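These are the residues of each chain, in order.
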There are 2 protein chains.
Amino acid sequence: MKIVIDGFGGDNAPDEILKGAALAVNGLGIDVAVTGEVDVLKARMAALKIPENGIELVPAEGVITTEDNPMSVAKQKSGTSMGVAFKMLADGKADAFISAGSTAAIVVGGRTYAKRIEGVKKAALVPLMPCSGGKRFCVLDGGANINCTPEMLRLFAILGSCFMKTTMGVANPRVGLLNNGTEDEKGRELEHETKALLEKTPINFVGYVEAREVPLGAVDVLITDGFTGNVFLKACEGMGVLMKDALKSMFFANIITKLGALCVKSKLTEFTKQMDYKEIGGSPLLGTAKPVFKAHGSSDAKAFFGAFRQAKMFVENNAIEEMTKAVSALEALEGGAENG
Amino acid sequence: MKIVIDGFGGDNAPDEILKGAALAVNGLGIDVAVTGEVDVLKARMAALKIPENGIELVPAEGVITTEDNPMSVAKQKSGTSMGVAFKMLADGKADAFISAGSTAAIVVGGRTYAKRIEGVKKAALVPLMPCSGGKRFCVLDGGANINCTPEMLRLFAILGSCFMKTTMGVANPRVGLLNNGTEDEKGRELEHETKALLEKTPINFVGYVEAREVPLGAVDVLITDGFTGNVFLKACEGMGVLMKDALKSMFFANIITKLGALCVKSKLTEFTKQMDYKEIGGSPLLGTAKPVFKAHGSSDAKAFFGAFRQAKMFVENNAIEEMTKAVSALEALEGGAENG
């Protein structure tokens, strides 16, 4: 298996990418292709004492920044580290794609180079959030589609469910529909109609779920429209920052509290690790016909290793095939229902 | 000023209510009326060594529970501690009402006994949330109205703004409209239309606000529809529980971490206090023509004292009058605009 990574995407390129690639070659037994200016990459590998085996350097020029028009990844900027990596994926020279670069460009590139699974109208980046017990759940739609139809949400439920099963090791992912209460009468028309659809879909649908229960681990796949998804995710993020700031000022208040910080240091690190995106590494772009992962912009070697591991699982467990089957089974069901 | 409190509402009635009333009489210089079975109240006051001065005991029979039909507060259960307290408010025998009893009954009772400010279609319970720096912000709609119109949201903005000014001591409350981004093009039709209205409203409208910034203290009044408001509030709550659980297991892990807990104890208490609803005490029912406050069901004496203090500020600073003026000014503006 060969996974290609955009060698110049993200804040810590290329050093942390190269280090992450070396970890992946050793730890996961995969081959890695790194795109970018080969002279620079070679020099950095030598300086970092990274062995060449298992790492292919693929020439590319320049980088796409967040200031660039994301559409340029498929046009005038197709020769950049991201563009070349996408081209390798498109041409079958790599089995999966990873980049920590411009999110918008990754989404555009994924849609252009990786195409879509038949029956999927729009691929979407799916955030993985930490929850109770060190687990993760994914949110669809996490913000891309402000207005969603029940049919879109059902498709998201299938994609999310397949992803958690194939890539995150969740045997029977619990799919919940975000609502303002769990009683049948709660919710808007969108929730009522979507619930009716999800009940007929071959997934482990656990019904309505309240926002309070989600960080506590109530579901593996959270289904909601992109507006609500954004509010949910950002509220969680803000609370996380608030708590982190409060903890910091608590521990740094005086010499005694600093002693206290020392006493809980290892546990605190464990907790921070659990709450940390880096441990997982990437967000998948779901709905594409080839594997595309977005790594955090601030990813370090360990985070990139996490993204490689995720991509490997995704490929190894035939996530795309699973999704394609599930989506077409749905279409058959629909067709049957319409005819019946 | 006399404030009436439902003597048998909430988990800690009547002891904590009586203790809170005594604190309020002493600390705030107000008179308090406590409704309920007078024999019981008298016996508890004697047992708790609470002096009688400033506290009027008003006879009532039984209590409305969450199992009761909330409508009963105005009908067959109007003789209960909550019903009698509402009656005193309605009859002008008390200047404000507080109860820690059934939320639904308080909302129904408030609408029935306290009537509405002219121009307000529906009074709503307004949660006060903790944010960065020990401050609070309020959310309208916090969940009562799943579908809101821009006009409803504008009214909420006015009520929330008046409340924060008169009762919470915020000189020029920042009113923000919850959105999935701050750029003009972000949001749904509801956000676009509401923004246009709020820009023409005489409040300190600071524009769109992202959910992430709210717990960090970006606004004093958060405006959103009830569905999104519920998701926002519950997500914050869930994250709070997650963090609290994590902290607990961190500090109780072993003997060393327990020592750590000892070192930060006072700071931890300070933080918990800051994040605690009890310090504030109550949620106002805004839009009613008389002051109605809901105290937390689990309120203790200190929390009840907080609710009394809030109610006193509300009355003293003529919150209802301010709101009435602001709403009618709006109607004049509307009329003017329509005629002009």
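Scroll up to find the structure.
Reference entry: report on the structure contained in this document. (Residues numbered from 1 in each chain as written. Chains lettered and ligands numbered in written order. Predicted model: local features only at pLDDT ≥ 70, side-chain atom pairs only at ≥ 80, totals over all residues. Heavy atoms only, no water.)

1. Quick word on the interface of chain A and chain B
Basically, it comes down to this: The contact definition used throughout considers only heavy atoms, calling two residues in contact when any of these lie within 4.5 Å. Put simply, buried area is the surface a 1.4 Å probe can reach on two separate parts but cannot reach once they are joined, added for both. Polar contact criterion, stated in full: a pair of N or O atoms within 3.5 Å, where within protein one must be able to donate a hydrogen and the other to accept it, and residues adjacent in sequence count only if both atoms are side-chain atoms. Secondary structure elements are taken from DSSP: a helix is a run of H or I of four residues or more, a strand is a run of E of two residues or more, and numbering for both begins at the N terminus.
Across the contact, 45 residues belong to chain A and 45 residues belong to chain B. When the two sides are added together, the surface that chain A and chain B hide from each other amounts to roughly 4300 Å², 80% of it contributed by carbon and sulfur. Where chain A packs against chain B, one counts six residue pairs in polar contact (both at pLDDT 80 or more). Listing elements by their share of the side of chain A that touches chain B, those giving two or more residues are β8 (174–179), α7 (226–251) and α8 (255–274) of chain A. Looking at the side of chain A that touches chain B, the element that brings in the most residues is α7(A), giving 19 residues.

2. A word on the sheet that holds strand β11 (residues 282–286) of chain B
The condition that has to hold: At least two bridges found by DSSP between two strands is the condition for calling them paired.
Judged by pairing direction, the sheet is mixed, and its seven strands sit side by side in the order β3-β2-β1-β4-β12-β11-β5 (chain B) without closing on themselves. Only two strands of the sheet have a single partner each, and these edge strands are β3 (55–59) and β5 (124–125) of chain B.

3. Remarks on the nonpolar core
Quick reminder of the rule: To form a nonpolar core, buried Ala, Val, Leu, Ile, Met, Phe, Trp, Tyr and Cys residues must be joined to one another through side-chain atoms within 4.5 Å. The buried label goes to any residue with under 20% of its type's maximum accessible area, the exposed label to any with over 50%, and the partly exposed label to all in between, with areas taken from a 1.4 Å probe on protein chains only.
In this structure, A:V32, A:V34, A:I55, A:I98, A:I223, A:F308 and A:M323 are the most contacted members of the largest nonpolar core, which totals 60 residues. Other than its neighbours up to four places away in sequence, A:V32 contacts A:K2, A:I3, A:I5, A:A21, A:A24, A:V25, A:G54, A:I55, A:E56 and A:F308. Counting residues in each nonpolar core, the second largest holds 59 residues, with B:L28, B:V34, B:L190 and B:A307 among its members.

4. Concerning the packing of aromatic side chains
Aromatic ring pairs are reported here in terms of the distance separating the ring centres and the angle at which the planes meet. Stated precisely, the cut-off is as follows: Centres within 6.5 Å make a pair out of two Phe, Tyr or Trp rings, where for Trp the six-membered ring is used; the pair is then stacked when the planes are under 30 degrees apart, edge-to-face when over 60, and tilted otherwise. Lysine and arginine charges are scored as sitting over a ring when NZ or CZ, respectively, is within 6 Å of the ring centre and within 35 degrees of the ring normal.
Taken as a whole and assessed by the stated rule, the structure comprises eleven aromatic pairs over all chains. With a centroid separation of 6.4 Å and 50° between ring planes, the pair formed by A:F251 and B:F251 is classed as tilted. Highlighted residues: A:F251 in helix α7 and B:F251 in helix α7 (residues 226–251), drawn from two different chains. With a relative accessible area of 3%, A:F251 lands in the buried category. Ring centres of A:F293 and A:F314 lie 5.3 Å apart, and the angle between their planes is 90°; this geometry places the pair in the edge-to-face category. On the criterion of sequence distance, the pair formed by A:F293 in strand β12 (residues 292–295) and A:F314 in helix α9 (residues 301–316) is long-range, its members being 21 residues apart. Connected via pairs of aromatic rings, a cluster forms that spans A:F86, A:F97 and A:Y113. The ring of A:F227 is capped by B:R188, whose NZ or CZ atom sits 3.7 Å from the centre of that ring. Directly above the aromatic system of B:Y208 lies the positively charged group of B:K195, at a separation of 5.3 Å from the ring centroid.

5. Here's the deal with the relation of the copies chain A and chain B
Stated formally: Copies are brought into register by a least-squares superposition over C-alpha atoms of residues with pLDDT of at least 70 in both.
Mapping chain A onto chain B is achieved by rotating through 180° and translating by 0.0 Å along the same axis, at an RMSD of 0.0 Å. Look at the turn and shift together and you get a two-fold axis relating the two. For chain A, the minimum C-alpha distance to the rotation axis belongs to A:G260 and amounts to 1.8 Å. Looking at chain A, 100% of its interface residues are interface residues in chain B too, so the copies touch through the same face.

6. Let's talk about the pattern of salt bridges
Close approach of charged atoms allows side chains with opposite charge to pair. Residue and element names in this part refer to chain A. Heads up, the rule is: In the sections that follow, a salt bridge refers to a side-chain nitrogen of Lys or Arg positioned within 4 Å of a carboxyl oxygen of Asp or Glu.
Under the defined criterion, the tally for this structure stands at 28 salt bridges over all chains. Its salt-bridge partner being K2, residue E56 comes within 2.4 Å of it at the nearest N-O pair. Note that E56 is positioned in strand β3 (residues 55–59) and K2 in strand β1 (residues 2–6), a separation of 54 residues in sequence. Among the residues examined, E56 registers a relative accessible area of 33% and is labelled partly exposed. Overall, the relative accessible area of 23% leaves K2 in the partly exposed class. D15 is the salt-bridge partner of R44, the closest N and O atoms lying 2.8 Å from each other. Of the two residues, R44 is situated in helix α2 (residues 38–47) and D15 in helix α1 (residues 15–28); the sequence distance between them amounts to 29 residues. For R44, a relative accessible area of 29% corresponds to the partly exposed category. A single network of salt bridges, built from pairs that share partners, joins D184, K195 and E199.

7. Some thoughts on the pairing of strand β2 (residues 31–36) of chain A
Residues and elements named next belong to chain A. Threshold: We call a crossover right-handed when, viewed with the strands running away from us, the connection from the first strand over the helix to the second turns clockwise.
Of all six residues that make up β2, five are buried, and the element is covered over most of its length. Where β1 lies against β2, five bridges are found, and the strand directions are parallel. Bridge pairing links D6 to T35 in β2. Running through α1, the crossover from β1 to the neighbouring parallel element β2 is right-handed.

8. Things to note about helix α3 (residues 81–90) of chain A
Residues spaced three or four apart along an α-helix point in a common direction, a consequence of the helix completing one turn every 3.6 residues. All names here are of chain A. The buried fraction of α3 is high, at eight of ten residues. Turning to α3, its buried residues number three or more, namely S81, M82, G83, V84, A85, F86, M88 and L89. G92, located one to two residues past α3, shows a positive phi value of around 80°.

9. Notes on the sheet that holds strand β4 (residues 96–99) of chain A
All names here are of chain A. Spatially, β3-β2-β1-β4-β12-β11-β5 is the arrangement adopted by the seven strands of the open sheet, whose pairing is mixed. Each edge of the open sheet carries a strand with a single partner, namely β3 and β5 (124–125). As paired strands, β1 and β4 are joined by three bridges and run parallel to one another. Pairing of I5 across the sheet is with I98, part of β4.

10. Re the packing of helix α1 (residues 15–28) of chain B against helix α10 (residues 301–316) of chain B
Residue and element names in this part refer to chain B. Going by this rule: Note on geometry: axes are lines fitted to C-alpha atoms, helical ones only across the stretch in contact, with angles between N-to-C directions running from 0 to 180 degrees. Any angle that falls under 35 degrees is termed roughly parallel, while one over 145 is termed roughly antiparallel, one within 65 to 115 roughly perpendicular, and all others oblique. Helix crossings get a hand from a simple test, with the near helix turned counterclockwise from the far one by less than a right angle marking a left-handed crossing and a clockwise turn marking a right-handed one. Note that Gly is not counted as nonpolar here; it falls among the polar residues with everything else outside the nonpolar set of Ala, Val, Leu, Ile, Met, Phe, Trp, Tyr, Cys and Pro and the charged set of Asp, Glu, Lys and Arg.
Their axes nearest at 8 Å, the elements α1 and α10 cross at an angle of 45°. It follows that α1 is oblique to α10 by the angle criterion. Judged by the sense of rotation from one axis to the other, the crossing of α1 with α10 is right-handed. Within the contact between the two elements, α1 uses E16, I17, K19, G20, A21, L23, A24, G27 and L28 and α10 uses A301, F304, F305, F308, R309 and K312. Considering only residue class, the contact of α1 with α10 consists of nine nonpolar, two polar and four charged.

11. Things to note about helix α4 (residues 103–113) of chain B
Residue and element names in this part refer to chain B. Turning to α4, its buried residues are A105, I106, V107, V108, G109, G110 and Y113. Tucked into the core, α4 has its buried residues touching α3 (81–90), β4 (96–99), β5, β11 and β12 (292–295). Positive phi appears at K115, one or two residues downstream of α4, with a value of about 55°.

12. Thoughts on the state of the cysteines
Threshold: Pairs of cysteine sulfur atoms within 2.5 Å are identified as disulfides in what follows.
Using the criterion set out here, one finds zero disulfides over all chains in the structure. Note on A:C138: no disulfide assigned, nearest cysteine sulfur contributed by A:C131 at a separation of 11 Å. Unpaired in terms of disulfides, B:C148 finds its nearest cysteine sulfur in B:C138, a separation of 14 Å.

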